[in-house]
Amino acid sequence: MPPVDDKALVSWQLGRPARAFREVAVRCRHGFPAVTEQEPSTDDGEPFPTTYYLTCPWLVAEVSRLEAAGGVARWTRTAQADTGLRRSLAEAQAEQRALCPALDAGIAGTRNDGQLKCLHAHVAFALARPGYALGMAITEEIPERWCPDRRCEAAHGD
């Protein structure tokens, strides 16, 4: 396989040009980008509140299924009811604010620390910053984390 241009591959994964791309933070088991670390703003200065962005098409689809089944509301309730998960969320929100203090926003740009906004962002944060218990609990709900067929090789045109 030829060398990978990560930004081009991420653009292919997203189906649009990657914005605010800094670097790949996590690769899938096949070596392709799965989570990217983003700049705090785009090239034209627009704030980009998501530090870690889920790009793996397989994982994005799996998390989308969780969200479509009411996952955001369910995981918000679960985090509010479970002391350990509530603490994990609060610590991750504080860590996100420390990573990008100019935006003063939590994961996925949320201003309400007790309310989840986007499960994709919580999964990405957990994969990029191991130890985030709530994000890992969400991730563990996905039966198969990585695709079985190396589908991102298609970005090379092979």
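Structure: see above.
Definitions and cut-offs
Residues numbered from 1 in each chain as written. Predicted model: local features only at pLDDT ≥ 70, side-chain atom pairs only at ≥ 80, totals over all residues. Heavy atoms only, no water. Pairing = 2+ DSSP bridges. Helix = DSSP H or I, 4+ residues; strand = E, 2+ residues; numbered from the N terminus. Axes fitted to C-alpha atoms, helices over the stretch in contact; angles between N-to-C directions. Buried < 20%, exposed > 50% of the residue type's maximum accessible area, 1.4 Å probe, protein only.

Draft legend 1. Structural view of the sheet that holds strand β3 (residues 52–54). The antiparallel open sheet is built from three strands, whose spatial order is β1-β2-β3. Lying at the two open borders of the sheet, with one neighbouring strand each, are β1 (21–27) and β3. The mean inter-strand angle of the sheet, taken between neighbouring strand axes irrespective of direction, is 35 degrees. Pairing of strand β2 (residues 33–38) with β3, which is carried by three bridges, proceeds in the antiparallel orientation. Bridged to V35 within β3 is L54.

Draft legend 2. Fine view of helix α5 (residues 119–128). Most of α5 sits inside the fold, with 10 of its 10 residues counted as buried. Those residues of α5 not exposed but buried are L119, H120, A121, H122, V123, A124, F125, A126, L127 and A128.

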